[in-house]
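Geometric and topological summary
Residue-level listing of the chains:
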Amino acid sequence: MQNPLEGAVALVTGASSGIGAATARALAAEGAKVAVVARRLERLERLAAEIGGGGHTALAIRADITEPAQAVEAVGRTADELGGIDVLVNNAGVMLLGPIENAPTEEWDRMIDLNLKALINTTHAALPHLLDAARESERGCADVVNISSVAGRVARAGVGVYNLTKHGVGAFSESFRQEFASRHVRSTLIEPGAVETELVSHVREDAREIVEKRFAEITRLQAEDISETIAFAVTRPRHVSLNEILIRPTEQVG
Ligand SMILES: NC(=O)c1ccc[n+]([C@@H]2O[C@H](COP(=O)([O-])OP(=O)(O)OC[C@H]3O[C@@H](n4cnc5c(N)ncnc54)[C@H](OP(=O)(O)O)[C@@H]3O)[C@@H](O)[C@H]2O)c1
């Protein structure tokens, strides 16, 4: 039997670690050619070599997608070198927690620039390719998967601007869904709870202690728990659109 994503091309942002790297592996295993995009090229090349070694195709693209020109170029290279874009996974994100009071506002800019502006710019650049894929591919549909968070549904003290960005991702995904539903570009919002990745390592020390304490007692999700879910969503038949998926570790309460 043919792999569900045979002939399809996927672009995954933030693929040099965590959920993005796992997603690239999962989509390649379903038959997609995968462009892996992030800033750490060496890691991307290692991942692409691993995927290639498994008999699949991957293209490593170094880009800081907070620079709109680099996001556009990453999309263009994917389409040119792999032959279009059928699946876009907007995964790159940063979580810089801490109280609003006395916050270094440079951290707010970093979250807004990556979690929001890079996501909408990458989506905008990929759109013509996604619409082509939905019209012309054998699957007859295309997919945009946006990685939000439980923080995109539930606001908490100390999470303010991360909450703001992830709530924004949810609103944009729903608006996108409505605009493109009749043209078969599906929109899937993924809202993970705590996943064991590098994400928390970028948080300031005082705020990091609070997060680490909060999740110390629970068994966190693995990146593969999320990537399997993404692979499931984008391999549904053309008439099925999984719009919103909230995935917490079983023991995570809030
Ligand atoms: N881990 C969790 O508990 C959790 C929970 C809910 C939601 N999420 C969301 O899941 C997504 C992935 O996070 P993760 O947990 O897998 O963390 P991660 O391992 O830190 O991955 C973040 C990725 O984003 C990339 N990135 C950062 N800045 C970038 C830039 N300017 N341009 C391009 N790529 C950039 C990083 O690569 P480079 O540094 O190489 O550029 C890295 O590959 C994020 O959107 C996060 O908010 C995570």
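Preceding block: the structure.
Description of the structure in this document.

Turning our attention to helix H3 (residues 68-83). Since the α-helix advances by 3.6 residues per turn, residues separated by three or four positions end up pointing in the same direction. Between its first and last C-alpha, H3 extends 22 Å over 16 residues, near the 22 Å set by a 1.5 Å rise per residue. The set of residues buried in H3 consists of Ala71, Ala74, Val75, Thr78, Ala79 and Leu82. Each buried residue of H3 sits inside an arc of 125° when the element is viewed along its axis, so together they form one side. Facing away from the buried surface of H3 by more than 90 degrees, the exposed residues are Ala69, Glu73 and Asp80. Turning to H3, the residues buried within the fold contact strand S1 (9-13), strand S2 (33-38), strand S3 (58-62) and helix H4 (105-136). Phi turns positive one or two residues past the end of H3, at Gly84, with a value near 115°.

With that settled, consider the pairing of S1. The buried count for S1 comes to five of five residues, which makes it a mostly enclosed element. Side chains Val9, Leu11 and Thr13 of S1 all project onto a buried face; the interleaved residues Ala10 and Val12 project onto the opposite face, where all are buried too. Of the strand pairs in this sheet, S1 and S2 are connected by five bridges, and their pairing is parallel. The residue of S2 that forms the bridge with Thr13 is Val37. Read from S1 through helix H1 (residues 18-29) to S2, the crossover connection turns out right-handed. Sheet topology note: the S1/strand S4 (residues 87-90) ladder contains three bridges and is parallel.

Among the structural elements, Gly31 can be located in the loop between H1 and S2. As for Gly31 and Gly55, which are separated by 24 residues in sequence, their C-alpha atoms are 9.7 Å apart. Once you skip the residues sitting within four places of it in the chain, Gly31 turns out to touch Asn3, Leu5, Glu6 and Gly7.

Here is what the cut-offs are and how they apply
- Residues numbered from 1 in each chain as written.
- Predicted model: local features only at pLDDT ≥ 70, side-chain atom pairs only at ≥ 80, totals over all residues.
- Heavy atoms only, no water.
- Helix = DSSP H or I, 4+ residues; strand = E, 2+ residues; numbered from the N terminus.
- Expected span 1.5 Å × (residues − 1).
- Buried < 20%, exposed > 50% of the residue type's maximum accessible area, 1.4 Å probe, protein only.
- Arc of directions from axis to C-beta.
- Contact = heavy atoms within 4.5 Å.
- Pairing = 2+ DSSP bridges.
- Right-handed = clockwise from strand over helix to strand, strands pointing away.

Function-wise, these values are silent; they only describe arrangement.
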